[in-house]
Amino acid sequence: MNIEIANRLVNLRKSYNYSQEALAEKLGISRQAVSKWERAEASPDTDNLILLARLYGISLDELLKTDDEIPRSDKETAYDNTSYEKDDDKKRAEYVNVSLKGIHVIDKDGSEVRVGWSGIHVDDRKTNEKVNIDKEGVFVNGVEYDSEWYKENQHQKFPMVMLVLLAYILIGLFYDLWHPGWLLFLLIPIWYTLVDAVHKKNAHIFAYPVVAVLAYLLIGIYMGAWHPGWVVFVTIPIYYTFVSYIRSLKRANKKDDDIIDMD
């Protein structure tokens, strides 16, 4: 571990009047482990770093801040040359836990993503958006978006849920895009309702409101245009009005054909 970080750990411990034994007891580890950290002979694991940051009331960045330049891999250098340029304001994952129960991610601003057997739950504190997808349906900010499709088609063979989950984990681990990567989960209702709408030839089934929500979040997050981005929601009644009009035309044409057949 970097000697500067080791010295910071020593100074933080002493500023709180903790002995190595007292700190070790609070973290549930041995005194020898703390001693090795402070001599730069070993580094705390992720869980202990989070506990230390919380104990001292600072962020992980502040805890691990160093003036030394960190060697960069070719992958990181290539990534910096893409449109996803890193900057000091980009939110990093504060806590990530992957287990058989699912995935739990919390970033610095308190935004939280839970993916498990019970469903997908997203709480974005930055935009105050909450998305829940489970066996009860799809809810965005507590509003249900005609999710009968989900209850009826959740056992369809195409593994859209697993593909989205895998994509989310990959972009999170390799590109640190836990946020706004969670937007991928909105593709699940969009995909299944689109397939169902095409199969049943009924555009009303398509979850267009979810498309509008996704568009609004993308505009807000990437362009900062929360206003007038909300205008996308105006397209929802326009969409359903247009679909109803097309269906009425089809019914009228079918009625005319029936009359001709009777003649």
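To be clear, the structure that these remarks concern was listed above.
On a predicted model such as this, the values are computed, not experimentally measured, just so you know. (Residues numbered from 1 in each chain as written. Predicted model: local features only at pLDDT ≥ 70, side-chain atom pairs only at ≥ 80, totals over all residues. Heavy atoms only, no water.)

Q: I'm lost on the packing of aromatic side chains in this one. Help?
A: For any pair of aromatic rings, geometry is given as the distance between the ring centres together with the angle between the planes. Within this structure, the stated rule accounts for 9 aromatic pairs. Seen in terms of ring centroids, tyrosine 168 and tryptophan 178 are 5.4 Å apart; in terms of plane orientation they differ by 75°. Their pairing is edge-to-face. With a gap of 10 residues between them, tyrosine 168 in helix 8 (residues 160–175) and tryptophan 178 in helix 9 (residues 178–181) connect regions that are remote in the sequence. Looking at tryptophan 178, the relative accessible area reads 7%, which means it is buried. An aromatic cluster of at least three residues, connected via ring pairs, comprises Phe206, Tyr208, Tyr239 and Tyr240. (Phe/Tyr/Trp six-rings, centres within 6.5 Å; stacked < 30°, edge-to-face > 60°. Helix = DSSP H or I, 4+ residues; strand = E, 2+ residues; numbered from the N terminus. Buried < 20%, exposed > 50% of the residue type's maximum accessible area, 1.4 Å probe, protein only.)

Q: So what exactly am I meant to see when it comes to helix 1 (residues 3–15) here?
A: For an α-helix the count is 3.6 residues per turn, leaving residues at separations of three or four pointing the same way. Between the first and last C-alpha of helix 1 there are 18 Å, a value that for 13 residues agrees with the 18 Å anticipated at 1.5 Å per step. When we look at burial in helix 1, the residues that qualify are Ile5, Ala6, Leu9, Val10, Leu12 and Arg13. Across the axial projection of helix 1, the buried residues extend over an arc of 165°, all falling on one side. Among the exposed residues of helix 1, those pointing more than 90 degrees away from its buried face are Asn11, Lys14 and Ser15. On its buried side, helix 1 packs onto helix 2 (20–27), helix 3 (31–38), helix 4 (46–56) and helix 5 (60–64). Just downstream of helix 1, asparagine 17 is the residue with a positive phi angle, here 60°. (Expected span 1.5 Å × (residues − 1). Arc of directions from axis to C-beta. Contact = heavy atoms within 4.5 Å.)

Q: I keep staring at the pattern of salt bridges and nothing clicks. Help me out?
A: Oppositely charged side chains can pair when the atoms bearing their charge come close. Per the counting criterion, the structure on display carries 5 salt bridges. Its salt-bridge partner being arginine 31, residue glutamate 21 comes within 3.9 Å of it at the nearest N-O pair. With glutamate 21 in helix 2 and arginine 31 in helix 3, this residue pair connects regions lying 10 residues apart in the sequence. With its nearest N and O atoms 3.6 Å apart, the salt bridge here joins aspartate 196 to lysine 200. In this pair, aspartate 196 and lysine 200 are both assigned in helix 10 (residues 187–200), 4 residues apart and thus about one turn of the helix distant. Looking at aspartate 196, the relative accessible area reads 5%, which means it is buried. Judged by relative accessible area, which is 42%, lysine 200 ranks as partly exposed. (Salt bridge = Lys/Arg side-chain N within 4 Å of Asp/Glu carboxyl O.)

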